[in-house]
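Structural overview
Next come the chains, spelled out residue by residue.
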Amino acid sequence: MKRDYVTHYSGWLNRDMHILVHGDRGLPVLVFPTQDSMCTNFEDFGMIDTLWDYIESGQIQLFTVDTVDKESWSDDWGNAEHRSQMQENYYHYIVDEAVPFLHAYSQSDRLPLAVGCSLGATHASIVALRRPDLFAGCIAMSGIYDATYFTGGWMDGRWYDNSPVHFLQNMPLDHPYIHEYSQRSLIFCVGQGAWEDEGIRTLREMERIFREKGIEAWTDFWGYDVNHDWDWWQKQIRYFLPIALQNS
């Protein structure tokens with residue numbers, strides 16, 4: 001399997017960022033690591049091995065990015081406005097720099113699928129829902145879709161733009177994205193076991209919003225033994241990836 005560790009400079013973040021590529025062809029998959037992690041995250045926790053056959057057969061090509069979560073979502077004692085600005089800058093790094101890099105590297109014009117677990121699922125949902133013109137959809141596993149959970153209830157305009165339960169709730173029914181969402185593979189999954197309470201709560205909110213706005217998205221609640229952990233995310237990605245591939 002081809003493996004390439006790439007360093008490139010981000011103007012939005014004013015630093016070198018890294019992207020780990022697995023595979024040499026197939027549907028581009030943009031992978032967001034779990035909270036505070038970097039681009040080796042999926043590799044370190046067995047997800048590359050889990051997806052080995054899809055990568056080796058050329059069905060998918062994975063691009064795993066770094067995060068700046070420690071300066072945004074996780075910086076509980078940091079300056080509130082700086083935290084929100086860092087997340088917004090990270091969003092622009094993804095859509096303005098990482099996605100163009102992905103297309104140039106893969107030499108493919110296929111829209112990438114955004115994938116992530118835990119806070120990585122939150123990131124995946126943000127980019128797929130804010131820019132459905134750039135993404136084929138998302139597979140979001142065990143995400144939390146309310147930014148105020150991370151900010152103690154505080155919100156400014158930048159956190160609003162990164163909080164799917166808020167910006168989707170207020171999106172007008174005639175917004176062109178409403179139709180576009182239903183042309184994408186929007187897959188959201190959460191277990192109902194340990195450490196999933198906020199994921200369940202916020203996905204219930206997403207499910208309600210999708211239903212009220214007529215958005216065709218898949219919200220799936222797995223069993224009470226399904227915990228917020230890698231062994232279940234490995235099962236979930238194997239279950240949902242063929243569905244996303246069929247629709248991409």
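Residues numbered from 1 in each chain as written. Predicted model: local features only at pLDDT ≥ 70, side-chain atom pairs only at ≥ 80, totals over all residues. Heavy atoms only, no water.

Along its length, the protein chain carries 11 helices and 8 strands. A compact globule built from 248 residues would reach a C-alpha radius of gyration of about 18 Å, and the protein chain, at 17 Å, matches this within 12%. With respect to the principal axes defined by its C-alpha atoms, the protein chain has extents near 45 × 40 × 40 Å. Looking at the protein chain as a whole, 59% of its 248 residues qualify as buried. Residue pairs at least 24 apart in sequence account for 71% of intrachain contacts in the protein chain once pairs closer than 6 positions are excluded. Accessible surface, the protein chain as shown: approximately 10,200 Å² in total, 48% of it carbon and sulfur. (Helix = DSSP H or I, 4+ residues; strand = E, 2+ residues; numbered from the N terminus. Rg over C-alpha atoms; globule rule 2.2 N^0.38 Å. Buried < 20%, exposed > 50% of the residue type's maximum accessible area, 1.4 Å probe, protein only. Contact = heavy atoms within 4.5 Å. Areas by Shrake-Rupley, 256 points an atom, 1.4 Å probe, with all protein chains shown as cover.)

Turning our eyes to something else, we now look at the packing of helix α4 (residues 80–106) against helix α5 (residues 119–130). Viewed as axis vectors pointing N to C, α4 and α5 meet at an angle of 65°, and their least axial separation amounts to 11 Å. Once α4 is placed against α5, the crossing between them reads as right-handed. Residues Gln87, Glu88, Tyr90, Tyr91 and Ile94 of α4 touch α5, and the partners they reach there are His123, Ile126, Val127 and Arg130. Of the residues contributing to the contact of α4 with α5, the split by class is 5 nonpolar, 2 polar and 2 charged. (Axes fitted to C-alpha atoms, helices over the stretch in contact; angles between N-to-C directions. Left-handed = near helix turned anticlockwise from the far one by under 90°. Nonpolar A, V, L, I, M, F, W, Y, C, P; charged D, E, K, R; others polar.)

Of all residues except glycine, most have a negative phi; of all peptide bonds, most are trans. One non-glycine residue, Asp36, lies in the positive phi region at around 70°. One can find Asp36 in the loop between β3 (27–32) and α1 (41–44). Its identity as a non-glycine residue notwithstanding, Ser142 has a phi of 65°, on the positive side. In this structure, Ser142 sits in the loop between β6 (137–141) and α6 (148–151).

A few words on the environment of Gln61. Secondary-structure assignment places Gln61 in strand β4 (residues 60–65). The sequence separation of Gln61 and Gly26 amounts to 35 residues, and the corresponding C-alpha distance is 5.3 Å. The residues contacting Gln61, other than those within four sequence positions of it, are Val21, His22, Gly23, Asp24, Arg25, Gly26, Leu27, Pro28, Val29, Tyr105 and Ser106. Among the polar contacts made by the side chain of Gln61, one reaches the main-chain carbonyl oxygen of Gly23 at a distance of 3.0 Å. (Polar contact = N/O pair within 3.5 Å; in protein donor to acceptor, adjacent residues only side chain to side chain.)

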